[in-house]
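The lines below spell out each chain.
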Amino acid sequence: MQIQVVVLIITILWCCVVCQSSGGECKFHIPHNGAQGTGIYSRGFCHFLGVPYARPIAAPWREFQVADGANLEDYPIKFWNFTQHAGNCTQYDFEERTIGGSDDCLYLNVYTQPWIDPQNPKAVLVWIHGGTFNFGSGYTDHADVPDAFVASNITVVTLNYRLGAMGFLYRVDEGIPENVGLLDQQEALRWIQHNIGHFGGDATRVTLMGWSAGSAAVSYHLYTPSNEGLFHAAIMMSGSFLNPWAYAPSPQECLVKLCNQMGISCNYPGYLREILTAAKLYKNLPFWITISFFGMPYPCFVPTGKLPQIVVKMKPPMDVPLMIGYTSHETLKLVDLNFMDTTGYDYTYPNAKQLNTIMDYLNFSLPEANQTDILVMADLIYGVVKFAEEYSKTAKSDTFLYKFSMPNAECHGDDLPFIFRENNDDGGLSKSSNNAKEITEENANLGTQMVRLWSNFVKFRNPTPVNDSLLNVKWNKFAMNEGKLFLNIAQQLHMQNFVEDSSFSIWHGIYECLYYGNCISLPIFDTIPKH
């Protein structure tokens, strides 16, 4: 009789759990200090929004200070209400045509299935948004619809970080640290290690993923020794720190432009922080401060430090599995042939003495169509493939390279709606994901396959750990001495050998000359003097 009573009680409790779960109650509890909190249940999973990963930075000069961690266990708060979106970091607001956002912006969002099972924590996917290090938030780039990943039993984290001059203005002798935007991201990774278990995530299975500038940020983190143990795999989509827009070669030049555009003098040594604070930089930040790379304007305030082309030659401190790739056309639709105009050219290189000869060759010895192809290669594709080559040569962990070649969806960012999308019964792409592409059965099938590949990598550090009839392909690792295999993601998934086309070869010669001084073996430049 007692056994029957016990069974009955257990059954009742189980029914209560099932009922509450189906009702979508999203709560968490922190045993160490007794705190608890709540989120929103929507679209079949929990949304914990506006979670602080760093304490608000105190004045003065708060825009130039490194963030202090915000472990939830250390707060005196006993009930957290994570149901409201946090504001963006300071940036230009295109709709309002003014500076928007706030310097109180260091928040993240956690998306996960309800009901935490401590015995089976979920793999964690951390998303770093794009936006040339100057725009965006944890809600942009379709990342506000991580439904397919959550349905694959993954906990997804998206985050804000300081942007533009607020995140990347740098003056070492003025006490203004470099790359605080990247340090913000690192602080979020530390927060995840301390707190993600309260949300059902596994701190030992964290994959860092980014797109465009977010992807370039991932490459910086891979070569930062202090990140050891903060993440365990990486996904880089359409960007690396070898892309010219991802590195500031002349921070001083950018600072001069900033001060000139704000109409202030920054020529008083030791007082730069006071000058910029008095000028209310966070309210009066100029919209667009650029440097020119072969005539193409890039934002000035992006990460700086040791030259990435040198860093990438070192053994990577973060030796973790890497998935990396690009779309077949990338920035083609953004390239204007007038970008070859050198007016205002001010990008600097380690070896610039051959630059005029190179520019003459590009301007006068190539048809316009070839110029465009080379600019697209220089702007993005080459830096991604080159990073895969360098990383695979020095890392013991596997590197997996892909090219996204879906017809009519081959440009920068066209691949995002295939993985970030609302779940629906047929597995297709939801119109609410703001995807401009036609929602066809073909797109839906490819989206399902891509989510499987990405989810497998997050959970198993291998995109095809077992034979899978949905995928019908084995994604082999990329290796320089094994044919440089990559996965072509198109109407059919298939492996190919990477073969350099003429644009890749031409830019490779320019790259070797400008960054490493290797101008001797450039057969395409017969006019370049041999030194």
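Placed above this text is the structure.
Once a new chain begins, its residue numbering starts again from 1 and follows that chain's sequence as written. Per-residue local features are limited, in this predicted model, to residues with pLDDT of at least 70; the limit for side-chain atom pairs, both in listing and counting, is 80 or more; totals at the level of whole chains, interfaces and linings are taken over all residues. Each side-chain value is worked out from all heavy atoms of the structure, with water and hydrogens disregarded.

**Concerning the state of the cysteines**
How we decide: Pairs of cysteine sulfur atoms within 2.5 Å are what we label disulfides.
Tallied over the full model, the rule gives five disulfides. The side chain of Cys-259 participates in a disulfide bridge whose partner is Cys-266; the two sulfur atoms lie 1.9 Å from each other. Looking along the S-S bond of the Cys-259-Cys-266 disulfide, the torsion reads about -95 degrees, which is the left-handed sense. Disulfide partner of Cys-513: Cys-519, at an S-S distance of 1.9 Å. Every disulfide takes its handedness from the sign of the S-S torsion; for Cys-513 and Cys-519 that torsion is 85 degrees, giving right-handed.

**Describing a nonpolar patch on the surface**
Note the following rule: Patch membership requires more than 30% relative accessible area and the absence of a salt bridge. Residues of like charge join within 9 Å; the nonpolar side chains Val, Leu, Ile, Met, Phe, Trp and Tyr join within 5 Å. Working definition of accessibility: Shrake-Rupley area with a 1.4 Å probe, residue cover restricted to the visible protein chains. Salt bridge criterion: a side-chain nitrogen from Lys or Arg within 4 Å of a carboxyl oxygen from Asp or Glu. The helix count covers DSSP runs of H or I at least four residues long, the strand count covers runs of E at least two residues long, and both are numbered beginning at the N terminus.
Taken together, the side chains of Phe-94, Phe-287 and Trp-288 define a hydrophobic patch exposed on the protein surface, amounting to about 310 Å² of accessible area. Tracing the sequence through the fold places Phe-287 in the loop between helix H8 (281-284) and strand S13 (290-293).

**With respect to the packing of helix H11 (residues 368-394) against helix H14 (residues 502-516)**
The condition is simple: Angles shown run from 0 to 180 degrees and are taken between the N-to-C directions of axes, each axis being a line fitted to C-alpha atoms and, for helices, limited to the stretch in contact. For classification, angles of less than 35 degrees are called roughly parallel, those exceeding 145 degrees roughly antiparallel, those between 65 and 115 degrees roughly perpendicular, and all remaining angles oblique. The contact definition used throughout considers only heavy atoms, calling two residues in contact when any of these lie within 4.5 Å. Lys, Arg, Asp and Glu make up the charged group, whereas Ala, Val, Leu, Ile, Met, Phe, Trp, Tyr, Cys and Pro make up the nonpolar group; the residues left over, Gly among them, are polar.
Contact geometry for H11 and H14: axes closest at 9 Å, N-to-C directions at 75 degrees. Regarding the angle of H11 to H14, the classification is roughly perpendicular. Residues Asp-373, Ile-374, Met-377, Ala-378, Tyr-382, Val-385, Lys-386 and Glu-389 of H11 lie in contact with H14, whose contacting residues are Ser-503, Phe-504, Ile-506, Trp-507, His-508, Tyr-511 and Glu-512. Across the contact of H11 with H14, the residue classes break down as nine nonpolar, two polar and four charged.

**Some details on the packing of aromatic side chains**
Describing an aromatic ring pair means giving the distance of the ring centres and the angle of the ring planes. So the rule is basically this: The aromatic pairing rule takes the rings of Phe, Tyr and Trp, using the six-membered ring of Trp, and pairs them if the centres are within 6.5 Å, calling planes under 30 degrees apart stacked, those over 60 edge-to-face and the rest tilted. Each residue's exposure class comes from its accessible area (1.4 Å probe, protein chains only) as a fraction of the maximum for that residue type: buried when under 20%, exposed when over 50%, partly exposed otherwise. In this scheme, Lys NZ or Arg CZ marks a charge over a ring once it lies within 6 Å of the ring centre and within 35 degrees of the ring normal.
On inspection of all chains with the given rule, the structure shows 37 aromatic pairs. Between Phe-387 and Tyr-391, the aromatic rings sit 5.9 Å apart at their centres with planes inclined by 15 degrees, giving stacked as the arrangement. With Phe-387 and Tyr-391 both in helix H11 and four residues apart, this pair spans about one turn of that helix. Like Phe-387, the residue Tyr-391 is buried in the burial classification. Seen from the ring of Tyr-75, Arg-55 lies directly overhead, with NZ or CZ sitting 4.6 Å from the centre. In this structure, Lys-313 packs its charged tip against the face of Tyr-516, placed 5.1 Å from the ring centre.

**Things to note about the environment of Met-359**
Of note, Met-359 is situated in helix H10 (residues 355-364). As for Met-359 and Phe-294, which are separated by 65 residues in sequence, their C-alpha atoms are 7.8 Å apart.

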